[in-house]
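# Structure at a glance
Letter by letter, the chains look like this.
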Amino acid sequence: MSKDAVLNRIESVNDFVIRFANVNGTGSASANNMFAKSIFRMGIPVSPKNIFPSNIQGLPTWYEVRVSEKGYVGRRGGIDIVVCVNPQSMAKDIQDVEPGGYFLYDSTKALDLRLMRRDIHFIGIPLTDICRKEYSDPRQRQLFKNVIYVGALAALLDIEFEVLTGLIADQFEGKEKLIAPNVHALELGFHYATENFQCPFGIRVKRCDNVGNAILIDGNTACGLGAIYGGATVAAWYPITPSTSVVDAYEMYAKRLRVCPASGKQNFAIVQAEDELAAIGMVIGANWNGARSFTATSGPGVSLMNEFLGLAYFAEIPAVLIDVQRTGPSTGMPTRTQQSDVFECAYASHGDTKQVCLFPSTPKECFEMTAQSFDLAERLQTPIILLTDLDLGMNDTMSEPLEWDDARAYDRGKVLTSEQLEDASERFGRYLDVDDDGICYRTYPGTHPTKGGFFTRGTSRDEYAVYTEDGAAYVRNMERLLKKWETAKSYVPAPEIINAEHGSNIGIIYFGTTRAAALEAVDHLIEDNIAVDALRIRAFPFNHEVEEFIAQHDTLFVIEQNRDGQMRSLIINECEINPAKLVAVLNYDGMPITARYIQNKVAGYLESANVEPLRRQAGHKAERN
């Protein structure tokens, strides 16, 4: 794009989407991350997404950054700027640019004229030539090429240069000899852009104060820290993408925070098991013995863990499982995101089994819900499954700061002490429903020398944990478990409800990482004079607020990222809803759902079905729970 370019062009300030097209294994991740953080440090909300292949090196990788002064952090849809240094993906990358957008590429080799588009701006920078002239070492040429294009973007987008140099200083603290070469590479790109192009071009950034005290953190790190604050002392797991960094984060923080003040010794245990089946078995054993223990896995691991999850449900042993979902079935696309483990987790194991599930949407909720999971597991004496996904787990996300009340006490549930057992006038029954809430009392092994000890079994037993195949005793036990399921509804996180002004007869239901795109879509629908109420599911079992919301609306759109509408089916099954009332909005290409996609699906259905959005009675104000 020369200084005298006359094409129509996208023009915006602090509102665009940029995609970096690189080759996996070339060191581009740190440079792209530096770009995103520079925007963030200028007070502008950002949402970076790392889109990488499952092989180690060589295939295309993309890094997409949403910049939104309004604070939208979901995927918008559409790309305004592409920075392409990968010939393999160039044809597709050019086609993905919005009309009037910009395509920055390495012009060392002439661009294939067959790829040209008349409606976008091409910005050629001879990155390889610059590196050949400046560096003799092949690895330096590869690494600094990435830093050079960040420098060029600083000029083209008007990024404050001192912000970038500050980031480099932070990154190489303790390795000061690396700071000057990286700053020099930035300058090479910056000067080339200013000397050859109109800078800034149509899209630019401008410092603002819309970040506040927000932080950038990924969900897996937040889960690992949440496990620390939730009291976990034992982690057993088998590595699997994209959950491995949950336990990595737990270990990193445990080495600092799980240290006995008196002895200075570390008081935690991490076991890398031989497979997922062994891992969940260790977790159940540790929890039965009174420790707070957890594991982290993804869909294939949950499949292997099903039988043990059924044991923990039936024997009523606390356990915490963090499932970072990826694209299935089988190996599927292991480095792509999806919400396709809903059924697998909700009904994990054979027989009549229902598992408590939590659905965080932000890193802060990953932290809070992970910590809460240990309280819920011990209060309800059952597994708690926290379902995140690769998008939330492995991508840096803008989040409110993580907070913890040091006065908060752990809820260990109904655990009898030695004194209580000693003073009891009646025989202790491990599976007696004393309080009529379905939750029985338990003991830790070794609490009392003669009372309260029992062996937990997966076979049928009576109220005193005595083995029996008596049908009546089995039915009593299963009905009590259902009563406990009803009790759980008052303990799990309530849904988030956002009503349109005066309300609407149209509703949308979403959960997990669909939240950001769904809320943005709601705003755009309102701009199109389509008012909708919104509910975010945060837990299973569904409490009465979910059922009431569904009853109050004529048409509801259930937004989720899987092929079969698993959450929709779960709602129909559990709440006994007419399926015709729930319209599925599904995305399952492995990429996070976009606001544009949701908006178009909802508006298109309403138009084709001739459904008229209606306001409710005046005076019904918008509310948020």
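The rules behind the values
- Residues numbered from 1 in each chain as written.
- Predicted model: local features only at pLDDT ≥ 70, side-chain atom pairs only at ≥ 80, totals over all residues.
- Heavy atoms only, no water.
- Helix = DSSP H or I, 4+ residues; strand = E, 2+ residues; numbered from the N terminus.
- Buried < 20%, exposed > 50% of the residue type's maximum accessible area, 1.4 Å probe, protein only.
- Pairing = 2+ DSSP bridges.
- Axes fitted to C-alpha atoms, helices over the stretch in contact; angles between N-to-C directions.
- Contact = heavy atoms within 4.5 Å.
- Domains from an automatic or database assignment.
- Buried area = accessible area lost by both parts, 1.4 Å probe.
- Salt bridge = Lys/Arg side-chain N within 4 Å of Asp/Glu carboxyl O.
- Polar contact = N/O pair within 3.5 Å; in protein donor to acceptor, adjacent residues only side chain to side chain.
- Nonpolar A, V, L, I, M, F, W, Y, C, P; charged D, E, K, R; others polar.
- Core = buried A, V, L, I, M, F, W, Y, C linked by side-chain atoms within 4.5 Å.
- Lys, Arg positive; Asp, Glu negative; His and termini not counted.
- Disulfide = S-S within 2.5 Å.
- Expected span 1.5 Å × (residues − 1).
- Arc of directions from axis to C-beta.

## Re unusual backbone geometry
- With an omega of 0°, the peptide bond between Gly328 and Pro329 qualifies as cis.
- Relative to the helices and strands, Pro329 is located in the loop between strand 13 (319-325) and helix 11 (342-346).
- Geometrically, the link from Phe540 to Pro541 is a cis peptide bond, its omega value of 20° lying close to zero.
- For Asp158, which is not glycine, the phi dihedral falls at a positive 70°.
- Along the chain, Asp158 turns up in the loop between helix 4 (138-157) and helix 5 (161-171).
- Overall, the relative accessible area of 32% leaves Asp158 in the partly exposed class.
- With a phi angle near 95°, Ser349 is a residue other than glycine that sits in the positive phi range.
- Along the chain, Ser349 turns up in the loop between helix 11 and strand 14 (356-358).
- Residue Ser349 is classed as buried on the basis of its relative accessible area, which comes to 12%.

## So, the sheet that holds strand 18 (residues 506-511)
- Pairing is mixed across the open sheet formed by five strands, whose spatial order is 17-19-18-21-22. Pairing within the sheet leaves two strands with one partner each, and these edge strands are strand 17 (496-498) and strand 22 (582-586). Each strand axis lies, on average, 20° off the axis of its neighbour in the sheet, ignoring direction.
- Pairing analysis gives five bridges linking strand 21 (residues 555-560) to strand 22, with the strands arranged parallel. In the sheet register, Leu556 faces strand 22, and the bridge partner there is Leu582.
- Of the strands in this sheet, strand 17, strand 18, strand 19 (533-537) and strand 21 are in contact with helix 17 (residues 544-551), which crosses strand 19 at around 150°.

## As for the domain arrangement of the protein
- The domains assigned to the protein are domain 1 (12-204), domain 2 (217-399) and domain 3 (496-624).
- Once you take the C-alpha centre of each, domain 2 and domain 3 turn out to be 29 Å apart.
- Contact residues are listed per partner, giving 26 residues for domain 2 and 25 residues for domain 3.
- Taken over both partners, the interface formed by domain 2 and domain 3 buries close to 2,100 Å², and the fraction arising from carbon and sulfur atoms is 55%.
- Where domain 2 meets domain 3, there are three salt bridges.
- At the surface where domain 2 touches domain 3, the tally comes to 17 residue pairs in polar contact (both at pLDDT 80 or more).
- Of all the secondary-structure elements, those providing two or more residues to the side of domain 2 that touches domain 3 are helix 11, strand 14, helix 12 (363-380) and helix 13 (390-394).
- When its residues are assigned to classes, the side of domain 2 that touches domain 3 shows twelve nonpolar, eight polar and six charged.

## Digging into the nonpolar core
- Counting 81 residues, the largest nonpolar core has Tyr250, Phe294, Ile509, Ile537, Phe542, Met567 and Ile571 as its most contacted members.
- For this core, the element with the most residues is helix 12, which contributes seven residues.
- Not counting residues within four places of it along the chain, the set of residues in contact with Tyr250 comprises Gly224, Ala227, Ile228, Ala232, Thr233, Val234, Ala235, Arg258, Phe268, Ile270 and Phe294.
- Counting residues in hydrophobic clusters, the runner-up holds 58 residues, among them Ala36, Ala155, Ala185 and Val205.

## Some details on the side chain of Arg336
- Summarising the element assignment, Arg336 is placed in the loop between strand 13 and helix 11.
- Nearest to the buried, unbridged Arg336 among oppositely charged side chains is Asp589, at 7.9 Å.
- Separated by 2.7 Å, the side chain of Arg336 and the backbone oxygen of Phe52 make a polar contact.
- Residues within four places of Arg336 in sequence aside, it is in contact with Ile51, Phe52, Pro53, Trp62, Arg326, Thr327, Leu390 and Gly590.

## Comments concerning the state of the cysteines
- Summed over the entire model, instances satisfying the criterion amount to zero disulfides.
- The thiol of Cys223 is unpaired, and the distance to the nearest cysteine sulfur, on Cys366, comes to 4.0 Å.
- Among the residues examined, Cys223 registers a relative accessible area of 1% and is labelled buried.

## Some words on helix 15 (residues 471-488)
- Taking 1.5 Å of rise per residue, 18 residues should cover 26 Å, and helix 15 covers 26 Å from first to last C-alpha, within 8% of that figure.
- For helix 15, every residue scored as buried is listed here: Ala473, Asn477, Met478, Arg480, Leu481, Lys484, Trp485, Thr487 and Ala488. All buried residues of helix 15 lie within an arc of 160° about the axis, which places them on one face of the element.
- Against helix 10 (299-315), strand 14, helix 12, strand 20 (539-540) and helix 18 (566-575) lie the buried residues of helix 15.

## Side note on the environment of Asp405
- With respect to the helices, strands and loops of the structure, Asp405 is situated in the loop between strand 16 (397-399) and helix 14 (418-423).
- Spatially, the C-alpha atoms of Asp405 and Tyr229 are 9.9 Å apart, while their sequence positions differ by 176 residues.
- Within the structure, the side chain of Asp405 is placed 2.9 Å from the backbone nitrogen of Ala407, a separation counted as a polar contact.

## Thoughts on the sheet that holds strand 10 (residues 234-237)
- Taken in spatial order, the seven strands make up an open sheet running 11-10-12-13-15-14-20, and their pairing is mixed. In this open sheet, the two strands that pair with only one neighbour each are strand 11 (269-272) and strand 20.
- With four bridges connecting them, strand 12 (residues 293-297) and strand 13 associate as parallel partners. Opposite Thr295, over in strand 13, you have Leu321 as the bridge partner.

## Examining the environment of Phe16
- Positionally, Phe16 belongs in strand 2 (residues 15-23).
- A residue is classified by how much of its surface remains accessible, and Phe16, at 0% relative accessible area, is buried.
- As a C-alpha pair, Phe16 and Met305 span 289 residues in sequence and 43 Å in three-dimensional space.

## Focus on the pattern of salt bridges
- Inspection of every chain in the model, using the stated rule, returns 40 salt bridges.
- A salt bridge links Asp96 to Lys92, with the shortest nitrogen-to-oxygen separation between them at 2.8 Å. Taken as a pair, Asp96 and Lys92 lie in helix 2 (residues 90-96) at a separation of four residues, close to a single helical turn.
- Accessibility expressed as a relative area gives 23% for Asp96, which makes it partly exposed.
- Note on Lys92: relative accessible area 48%, which makes it partly exposed.
- A cluster of three or more residues bridged by salt bridges with shared partners is formed by Arg292, Asp375, Glu378, Arg408, Arg412 and Arg442.

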